[in-house]
Every structure is written in structure tokens, then in C-alpha cells.
Amino acid sequence: LSGRSRRDAMETIAIIADLMRRYLMTRTVLGVTTGLLYAGWLWLFGIDLLVVWALLAFILNFVPTLGSLVAGALPVLYAVVQKDPATAMAIGAGIFVIEQVMGNYVDPRVQGRQVSLSSLVVLITLLVWGWIWGIAGAVLAVPITIALMIICAHIEPLRPVALMLSDASDYEELDRQARR
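All values reported here derive from a predicted model rather than from experimental measurement.

Trainee: Would you mind going over the environment of Ile144 with me for this structure?
Mentor: Along the chain, Ile144 falls in helix H6 (residues 135–153). The sequence separation of Ile144 and Met20 amounts to 124 residues, and the corresponding C-alpha distance is 9.5 Å. Apart from the residues within four sequence positions on either side, Ile144 is in contact with Trp129 and Trp133.

Trainee: Would you mind showing me how to read the nonpolar core here?
Mentor: Core analysis: the biggest nonpolar cluster contains 20 residues, and Leu117, Val142, Ile146, Met149, Ile150 and Ala162 have the highest contact counts within it. The element best represented in this core is H6, accounting for seven residues.

Trainee: Help me understand the pattern of salt bridges in this model?
Mentor: Two side chains bearing opposite charge may form a pair once their charged atoms approach each other closely. Applying the stated criterion to the full structure yields four salt bridges. When the shortest N-O distance is used, the salt bridge between Arg22 and Asp18 registers 3.0 Å. Placement of the pair is Arg22 and Asp18 together in helix H1 (residues 3–44), with a separation of four residues, close to one helical turn. The exposure class assigned to Arg22 is partly exposed, which follows from its relative accessible area of 27%. Note on Asp18: relative accessible area 22%, which makes it partly exposed. Across the salt bridge formed by Glu156 and Arg159, the nearest N and O atoms sit 3.8 Å from each other. The network of salt bridges with common partners includes Glu156, Arg159 and Asp175.

What counts and how
Residues numbered from 1 in each chain as written. Predicted model: local features only at pLDDT ≥ 70, side-chain atom pairs only at ≥ 80, totals over all residues. Heavy atoms only, no water. Helix = DSSP H or I, 4+ residues; strand = E, 2+ residues; numbered from the N terminus. Contact = heavy atoms within 4.5 Å. Core = buried A, V, L, I, M, F, W, Y, C linked by side-chain atoms within 4.5 Å. Buried < 20%, exposed > 50% of the residue type's maximum accessible area, 1.4 Å probe, protein only. Salt bridge = Lys/Arg side-chain N within 4 Å of Asp/Glu carboxyl O.

Put into C-alpha cells, the structure is as follows:
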């Protein structure tokens, strides 16, 4: 590689690494918050295994969309067995509120500033990579797509693909996202 090409490649790798660090740190903070909210809510109803439910919510937080469905359904099913259907419904309602607030308000605002991917693209890549690689693909879907978007943004003929993957509305905004 020429000196300029090598510099461009190193810049692209540095940007990808920075976005990955931001993504993982943000997902970790949001996961801990969700886990603590789950544990607090379940504690109010006297549900056992609080640490398990909090840890499960934290871990599944790394799988967009589908992870929160699984993390929310399991303690509700456990509550049906341990308590009664009415208590399970109340627990389910509270978990639904937690997921709505975290998933529709907090997460997009915090994560959107960090990742800059279209929500539709995240859902599609989650389904595709999850189908191809299973759970590992679901966990890696967003990081792979971030890397792909940044690489495409730095290769002139692939810039339209990067624009499609990102949540940017034009190339100037894409450049700001891809050259942090």
C-alpha cells in the first residue's frame, strides 16, 4: 500500500475501533441499568433469583430487540409458576414499561449518538446474522454492520451503501459520522 492508502486504512480501523468501544460501553451501561430495573421490580413482588434475572437482562441487552423479549418473558413465566397469574401479569406490565422506556426512549437517544445506524438496518442485520450464525450472529450483528458502514464510507464507489446503512440523510452527515 502507498503511504496515503496505508494512512486511510489506519484511520478507518481507528474509527471502527472507536465506534466499537462506544457501542460496547453504551450497551454495557444500558444493560446494567436494565438489569437493575428488572431486579428492583421483581424484588417488589418477592420473586426469587433476582441476580439471575438481572444478569440475564444485562446479557440479553447485547442482542437488539429479540434479547429484551426473551429477558422479559422468562421472569414472567417464572412468576406464573412461583406466584400466581395476576402477579405475573403485574410483573409483565412493569417489565413492559421498563422495556418501553429503555428501548424506545433512553436507548435510541443514547445509542443513536454513538452508533449512527438506521434502526431498520439494525433489525434486518439482526435477523440475517442471527439466521446465519445463530446467537453469535445476533450478538455480532451491530458491530459487523458498524464496521461495514465505516469501510463503505471510506471507499468512494461504496458510499451509497454506507449512506443506506447509516441514519444519515446526506453525504455531509455521513462524513461527520464516519470520520469522528
